[in-house]
Amino acid sequence: MNALLRACRHTRLLPLLLLASPVIAQQKTQDPMYKPSIVDGTRTHAVMRMFERQHDTLQRNLPSEYRKDYSAIYAQRWKYIKSRFQKKEIYTPPVAQAYIDSMLRRIVAANPELQREKLHAFFSRSGTPNATYVGQGIIFFNIGLFSRLQNEHQAAFVLCHEIAHATLKHSDKAIEKYVKNMHSSDLQAQLKALKKVQYNRLSKLEDLSKGLAFDSRRHSRNNESDADSLALVYFRNSGFDPAAAVSAMLLLDDIDLDNIDMTARLRTLFDAPQLRFQDRWLRRDNGPLGGHARLLRDSTLTDSLKTHPDCQVRAGKLIAFNQSADSLLAGKPAIPAASIHPQRFDSLKQAFRFEIIEFSFAEDNYTESLYYTISMLEEHPDDPYLIMHVARILNNCFYLQRQHRLGKKLRYPAPENAASFNVLSQFIQNLYMEEYAQIAFHYLQRYQSKLQDYPEYQTEFAKSESFIKM
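Residues numbered from 1 in each chain as written. Predicted model: local features only at pLDDT ≥ 70, side-chain atom pairs only at ≥ 80, totals over all residues. Heavy atoms only, no water.

**Student:** Any chance you could explain the overall build of the chain here in plain terms?
**Tutor:** Along its length, the chain carries 22 helices and three strands. By residue count, 44% of the 470 residues in the chain fall in the buried class. Contacts in the chain between residues far apart in sequence, at least 24 positions, make up 73% of those at least 6 positions apart. For the chain, the exposed area adds up to about 24,900 Å²; of that, 53% sits on carbon and sulfur atoms. (Helix = DSSP H or I, 4+ residues; strand = E, 2+ residues; numbered from the N terminus. Buried < 20%, exposed > 50% of the residue type's maximum accessible area, 1.4 Å probe, protein only. Contact = heavy atoms within 4.5 Å. Areas by Shrake-Rupley, 256 points an atom, 1.4 Å probe, with all protein chains shown as cover.)

**Student:** Can you help me understand the environment of A440 in this one?
**Tutor:** Mapped onto the secondary structure, A440 falls in helix α20 (residues 433-445). Here A440 is in contact with A391, L394, N395 and S464, once residues within four sequence places are set aside.

**Student:** For this particular structure, what's the right way to read the side chain of R236?
**Tutor:** Mapped onto the fold, R236 is located in helix α11 (residues 221-237). Given the relative accessible area of 14%, R236 is considered buried. There is a polar contact of 2.7 Å between the side chain of R236 and the side chain of N322. (Polar contact = N/O pair within 3.5 Å; in protein donor to acceptor, adjacent residues only side chain to side chain.)

**Student:** Is there a simple way to think about the side chain of T167 in this case?
**Tutor:** Among the secondary structure elements, T167 is positioned in helix α7 (residues 152-167). Here A164 takes part through its backbone oxygen, which lies 3.2 Å from a polar atom of the side chain of T167. Discounting residues that sit within four places of it in the chain, T167 has contacts with L114, E117, L230 and Y234.

**Student:** Would you take a moment to explain the packing of aromatic side chains for this structure?
**Tutor:** The way to describe two aromatic rings as a pair is by their centre distance and the angle between their planes. Taken as a whole and judged by the stated rule, the model has 30 aromatic pairs. Ring centres 5.1 Å apart and planes at 75° place the aromatic pair Y34 and Y385 in the edge-to-face group. Remark: Y385 occurs in helix α18 (residues 384-402) and Y34 occurs in the loop between α2 (13-29) and α3 (41-60); sequence separation between them is 351 residues. A centroid spacing of 5.4 Å and a plane angle of 15° characterise the contact between F235 and F240, whose relative ring orientation is stacked. Both residues of the pair, F235 and F240, belong to the buried class. Among the aromatic residues, those joined into a ring-pair cluster are Y91, Y99, F123, F141, F146, F345 and F352. (Phe/Tyr/Trp six-rings, centres within 6.5 Å; stacked < 30°, edge-to-face > 60°.)

**Student:** What exactly am I supposed to notice about the sheet that holds strand β3 (residues 138-142) here?
**Tutor:** Backbone-to-backbone hydrogen bonds pair the strands of a sheet. The strands run either parallel or antiparallel. Reading across from one edge, β1-β3-β2 is the order of the three strands in this open sheet, with mixed pairing throughout. Where the open sheet ends on each side, the last strands, each with one partner, are β1 (120-124) and β2 (131-135). Neighbour-to-neighbour, the strand axes of this sheet turn through a mean angle of 25°, independent of strand direction. Pairing analysis gives four bridges linking β2 to β3, with the strands arranged antiparallel. By the bridge assignment, Y133 is partnered in β3 with I139. On top of the sheet, helix α5 (residues 94-110) reaches β1 and β3; it is set at about 140° to β1, its chief contact. (Pairing = 2+ DSSP bridges. Axes fitted to C-alpha atoms, helices over the stretch in contact; angles between N-to-C directions.)

**Student:** Sorry, what's going on with empty space enclosed by the protein here?
**Tutor:** Scanning the model with the defined rule gives one cavity of 30 Å³ or more in all. Space inside the largest cavity adds up to approximately 30 Å³. Taken together, L269, F270, D271, A272, L275, I439, H442, Y443 and R446 form the lining of the largest cavity. The biggest single contributor to the lining of the largest cavity is α20, with three residues. Its residues assigned to classes, the lining of the largest cavity shows six nonpolar, one polar and two charged. (1 Å grid on protein atoms, 1.4 Å probe; cavity = no way out; pocket = protein on both sides within 12 Å on 5 of 7 lines; lining within 4 Å. Points joined across faces, edges and corners; volume = space filled by probe spheres on them. Nonpolar A, V, L, I, M, F, W, Y, C, P; charged D, E, K, R; others polar.)

**Student:** Help me understand the nonpolar core in this model?
**Tutor:** Side chains that are nonpolar tend, in soluble globular proteins, to be buried together. Membership of the largest hydrophobic core comes to 51 residues, with the highest contact counts inside it found for L266, F270, L424, F427 and Y443. If you list the elements that add at least two residues to this core, you get α13 (262-270), α16 (342-362), α17 (366-377), α18, α19 (419-430), α20 and α22 (455-467). At eleven residues, the largest contribution of residues to this core is made by α18. Not counting residues up to four positions away in its chain, the partners in contact with F427 are L266, F270, F277, W281, L282 and I439. Residues V108, L145, F157 and F345 belong to the second largest nonpolar core, which totals 50 residues. (Core = buried A, V, L, I, M, F, W, Y, C linked by side-chain atoms within 4.5 Å.)

Next up, the structure:
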């Protein structure tokens, strides 16, 4: 730069360089703000219509016995699948779809029996750490799970597990079992006996109905074990690291652990010189939207409430299966463990963490969106999108509370939630309308020198400033 200045000292370029240099320096130091992905509505609609035609064909070929019942349940299943496409839940950027397609192709190519199956995998923008086979060959891999995995071998095992549910026909078998149970002589006898009961008839009927409740998206624990075993076969045949199946299962066992000190985080984020953090913002018996009673969780139900139950037992079975397979393959050339695209895996993980925040917000789940944002701020305290988004949520809370419409956007404390999530839920409930804007304004004010050149930051800062003057 010094040599260039000396060369230009006596030219007309010098003033231009001096004027341009601050801009160049600013562009080098300013990090780009995350931009949410744009859902490809045309592609999503086309894919949905393809599956709708498949559903129509399935309906025309249902068995004649109990046809009406089968038709109603398959229609219910299709309604659920369709809703996930309609609410723009599918993550459509081509680079992400190409990645999961390549993983699926590798598994299918290595397992000839899968080549007759019509399998389709999609990334779901949901933050719930789960993946689901929903029928019709459709697998939804939630980015909330993908972003928590350590490597793409673990991701491949999750995909193999859902493929196993598809090939074992668990969804269709569950529907068949439900329909036949509803028409069984045993159930009819129980219903007939209930008619003669004089007392507690309603409670007994409720107890009976609990055992008959049907959800085609959920699999029994026996089904999960069967899917694990078959998945490991697909997984090993495909040249992935067998140990990753076990590590994935152990990761799932801990995936619901609550390791966020939300009370400390809230005090750090929202304590400002001109607006000190108030203890009443965290009290359980406060809040214009209503407090909540003491939350109790039955310790015996802890595993049942987990997103992925029985993982320790399932991991033990996978270890035993791996050992057995290794013994059978002793002396034979091992299939080398090979990744697909580790760099792409890492970049998708990072993008997905932001996308979860944005999707929760778009779905009007403000509490979830703020929870994910605060969790990520712990690792990236100076990220411009995260800082802006905190204020964006608070500003929206102020605006909606003025219109008495905020309650529908929030989730309330509940026993099944993580303790840190309940702390955040209570905090949001306890704020008065004007405090949403006040907190947003003072929170953003501390970043003004760093973020003033970001239009999104300026928009939210101006909103909060105007709101506190109302």
